[in-house]
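Single-letter residue listing:
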Amino acid sequence: MSRLWLFEETINTDVLAPGFYMKSPLAELSQHCLEAVRPEFASKVKKGDVLLAGDNMGVGSSREQAAEVLKFLGISCIIAKSFAGIFYRNAINLGLPAFLLPKDSQLPKEFVDGSSVVFDFENSILFLEGSGIQINLDPLPAFLQELINDGGLVPHLEKRFDEK
Amino acid sequence: MTTLAQKIIANACNKSEVEPGELVVCKVDLAMIHDSGGPRRVKPILEKLNRKVWDAERVVVVTDHYVPIESEETRAIHELTKKWVRNQDIQNFYDQQGICHVVVPEKGHLKPGMFCVGGDSHSPTGGAFGAYMFGIGATEMAGVLATGEIWLKVPKTIFIKWKGKLNNLVTAKDMMLATCRKIGMGGGQYQAIQYIGEAIYDLSVQDRMTLSNMAAELGAQTGLIAPDDKTIDYIKSSGGLVPENWKSFRLDEPTSGAKVNEFDASTLSPQIAAPHSPENSENADEFANTVFDVAYIGACTGAKYVDLAAAASVLKGRKIASGISLKVAPASAKDEKQALEDGILKILQDAGAEFLPNSCGICAGYGKDRLAEGQVCLSSTARNFQGRMGAPTSELYLASPYTVAASAVVGKMTDPRKLMVN
Ligand code: SF4
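Residues numbered from 1 in each chain as written. Chains lettered and ligands numbered in written order. Predicted model: local features only at pLDDT ≥ 70, side-chain atom pairs only at ≥ 80, totals over all residues. Heavy atoms only, no water.

Novice: Describe the interface of chain A and chain B, and please don't skip the residues or the numbers.
Specialist: With 30 residues of chain A at the interface, the matching set in chain B holds 41 residues. Surface buried jointly by chain A and chain B totals about 3100 Å² across both partners, of which 58% is contributed by carbon and sulfur atoms. The three residues of chain A that bury the most area against chain B are A:Lys23, A:Arg89 and A:Phe161, which together make up 23% of that side's buried surface. Counting the contacts that link chain A with chain B gives six salt bridges. (Contact = heavy atoms within 4.5 Å. Buried area = accessible area lost by both parts, 1.4 Å probe. Salt bridge = Lys/Arg side-chain N within 4 Å of Asp/Glu carboxyl O.)

Structure representation (structure tokens):
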């Protein structure tokens, strides 16, 4: 069971990984993740939690730390109405699953910030704990699924180089 | 009929043509990395993969983010960068000579038809040279450096057409802020944007770079402009070799059914974007009399030679208002030198400007000049997200170099045309 972190607003890379802490180690940088919009996030988020965002999730710079801090803090999956392209690629490359809400579908209103949810990666479904309510997400293309299964781009390339 | 984006991608994946939506693996012609997202992040990954860069001649390294060196931490980043560049036998290393997006073309590295990646979100700047260039994160960059390849979903092309002629004191930055308002920061949908129309081709190459640069603010993967004689002249004067077939990349007719967003340059007024998004733009007049503390002429977006010249044209014989500090960080050493020779720096200095190094400076949110709590800044940079240039309570407005300079003189935000008629 995981907590759902719901963000209505557009989340950019400067609030995920603030510039001032970018030269600090990941552990420190991550303590400032989202502090500009949700100061309690870094201290309250737990391993396995799911983050659900609105449009253009991760817009801004190419800094991979924006996705990396979320993974470091324990976020197991990011879902959004739409993603900024670089952020989306970064998350997948780091082995952090990123799913789109199906086009034109509404998130059932029972999903609120703090809801208990269960995420089924194999079938890309988000369940609302103990309610029978669910939302089916757009599945990933096969080769991205493989990247995630391998644990991200680096382990994926290791495997590829080993096979040669 | 194919688009410029599709033609470049087809070449890069060695197919005769590609269709939007297709997943392809492309060969990379050039990979650019900088001191922040570059060596310090890719080195451990390449070591883990037990690989060197696939082709040292196709890699360009620039130090620009942690410049100047002002702490042990930043010194360590520079040492690591230099050592890595040496170990990898990389010759194209530009150390503290300016901001990557300006330095790479100014050293003649970009030309029409190239397929390039950069370890920075404003990498679409390369689109101003007819190169398909886009930003990627560090892990993906390490993958490119190890293999020379990257996967891509062939984008649709979204056309941004500017017809008509720009008025005096209205420039590329105003075009982009207006475009951001109209189509939004997600409007580029991670597709390829291509700028077309008379007003685009009328711009100098450096002004076109502002448009391509801010394709990032539209959420596009890249921001292309078809090459013309101006592009070719720029490349030649930068010491670059122009491919003989460059005219075959002069593709700028919208394909049938393509989305074309039309704008009229002749009715465009100077723009200002309010915190915390470039799409919060309005005619500068709407912000008349808004007070601010810092005027910043900086960044790859807003401190190239043309931007310094624009600011100087307003500041000539004038002084900035008391209570305002005007900070200028010329985008590259080359542009700064040119501005010095042309008397532009002197004008800025006489007006009261303070100069910062040729680096990202405050734009990256690093360094001692970052904005303090509650400070308000009017800036020629690309992005005004909350806290980007300093404290979370600082506020950032975006405008063209003309508007920033004129507002610094008036002491309040203004349409530069108001100052210039008086
Ligand atoms: S000047 Fe600003 S926008 Fe340009 S590369 Fe540096 S940090 Fe990025």
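Novice: Describe the nonpolar core, naming the residues involved and giving the relevant values.
Specialist: As a rule of thumb, nonpolar side chains are buried together in soluble globular proteins. Core analysis: the largest hydrophobic core is formed by 202 residues, its most contacted members being A:Phe41, A:Met57, A:Leu70 and B:Phe115. Here this core gets seven residues from one element, more than from any other, and that element is helix 6 (residues 172-183) of chain B. Apart from residues lying up to four places away in sequence, A:Leu70 is in contact with A:Leu16, A:Cys33, A:Phe41, A:Leu51, A:Met57, A:Ile75, A:Ile78, A:Phe87 and A:Leu96. With 11 residues, the next largest nonpolar core counts B:Tyr296, B:Ala329, B:Met389 and B:Leu396 among its residues. (Core = buried A, V, L, I, M, F, W, Y, C linked by side-chain atoms within 4.5 Å. Buried < 20%, exposed > 50% of the residue type's maximum accessible area, 1.4 Å probe, protein only. Helix = DSSP H or I, 4+ residues; strand = E, 2+ residues; numbered from the N terminus.)

Novice: Residues and numbers for the site of the ligand, please.
Specialist: For the ligand, the full set of nearby residues is B:His65, B:Ile99, B:His101, B:Asp120, B:His122, B:Ala299, B:Cys300, B:Cys360, B:Cys363, B:Ala364 and B:Arg388. Residue composition of the shell around the ligand, by class: six nonpolar, three polar and two charged. (Near = heavy atom within 4 Å. Nonpolar A, V, L, I, M, F, W, Y, C, P; charged D, E, K, R; others polar.)

Novice: I'd like to hear about helix 3 (residues 72-87) of chain B, residue by residue, with values.
Specialist: Residues and elements named next belong to chain B. Relative to the 22 Å expected for 16 residues at 1.5 Å per residue, helix 3 spans 22 Å between its end C-alpha atoms, a close match to the ideal helical length. Residues of helix 3 that are buried include every one of Thr74, Ile77, His78, Thr81, Trp84 and Val85, and no others. Viewed end-on, helix 3 has its buried residues packed into an arc of 135°, placing them on one side of the element. Within helix 3, the exposed residues directed more than 90 degrees away from the buried face are Glu72, Glu79, Lys83 and Arg86. Each element contacted by the buried residues of helix 3 is listed here: strand 2 (30-34), helix 2 (39-49), strand 3 (59-63), strand 4 (93-95) and helix 5 (138-147). (Expected span 1.5 Å × (residues − 1). Arc of directions from axis to C-beta.)

Novice: Break down the state of the cysteines for me, with residues and values.
Specialist: Residue and element names in this part refer to chain B. All told, the structure shown has zero disulfides over all chains when counted by the stated rule. Looking at the unpaired Cys100, the closest cysteine sulfur is the one in Cys360, lying at 6.2 Å. Exposure remark for Cys100: the relative accessible area of 1% places this residue in the buried category. (Disulfide = S-S within 2.5 Å.)

Novice: Which residues make up the packing of aromatic side chains, and what values do they have?
Specialist: Per the stated rule, a full pass over the model turns up 15 aromatic pairs over all chains. For the ring pair A:Trp5 and A:Phe41, a centre distance of 4.8 Å and an interplane angle of 80° mean the geometry is edge-to-face. Linking A:Trp5 in strand 1 (residues 2-6) with A:Phe41 in helix 3 (residues 41-44), this pair joins segments that are 36 residues apart in sequence. Just as A:Trp5 is buried, A:Phe41 falls in that class too. Relative to B:Tyr132, the ring of B:Phe115 has its centre 5.8 Å away and its plane inclined at 10°; by these criteria the two rings are stacked. Of this pair, B:Phe115 sits in strand 5 (residues 115-118) while B:Tyr132 sits in strand 6 (residues 132-135), and the two are 17 residues apart along the sequence. In terms of burial, B:Phe115 and B:Tyr132 fall into one category: buried. Linked through ring pairs, A:Trp5, A:Phe7 and A:Phe41 together constitute an aromatic cluster. Sitting above the plane of the A:Phe7 ring, A:Arg38 keeps its charged end 4.2 Å from the centroid. (Phe/Tyr/Trp six-rings, centres within 6.5 Å; stacked < 30°, edge-to-face > 60°. Lys NZ or Arg CZ within 6 Å of the ring centre and 35° of its normal.)

Novice: Help me get a handle on the sheet that holds strand 10 (residues 222-224) of chain B, residues and values and all.
Specialist: All names here are of chain B. What the four strands build is an open sheet, ordered 10-9-8-11; its pairing is parallel. The two strands at the open ends of the sheet, each matched to only one other strand, are strand 10 and strand 11 (259-264). Strand-to-strand twist across the sheet, computed as the mean angle between neighbouring axes with direction ignored, equals 20°. Its contacts with the sheet put helix 1 (residues 4-12) on strand 8 (157-163), strand 9 (192-196) and strand 10, and the angle it makes with strand 10 is roughly 115°. (Pairing = 2+ DSSP bridges. Axes fitted to C-alpha atoms, helices over the stretch in contact; angles between N-to-C directions.)

Novice: With reference to specific residues and values, describe the sheet that holds strand 12 (residues 271-273) of chain B.
Specialist: Residue and element names in this part refer to chain B. Read from one edge of the open sheet, seven strands run 13-12-18-17-14-15-16, paired in mixed fashion. Edge positions in the sheet fall to strand 13 (281-283) and strand 16 (354-355), since each has one partner strand and no second. With two bridges connecting them, strand 15 (residues 325-328) and strand 16 associate as parallel partners. Among the inter-strand pairings, Val328 is bridged to a residue of strand 16, identified as Phe355. Where helix 14 (residues 401-410) meets the sheet, it contacts strand 12, strand 14 (294-297), strand 17 (376-379) and strand 18 (395-399), and its direction lies at approximately 150° from that of strand 14.

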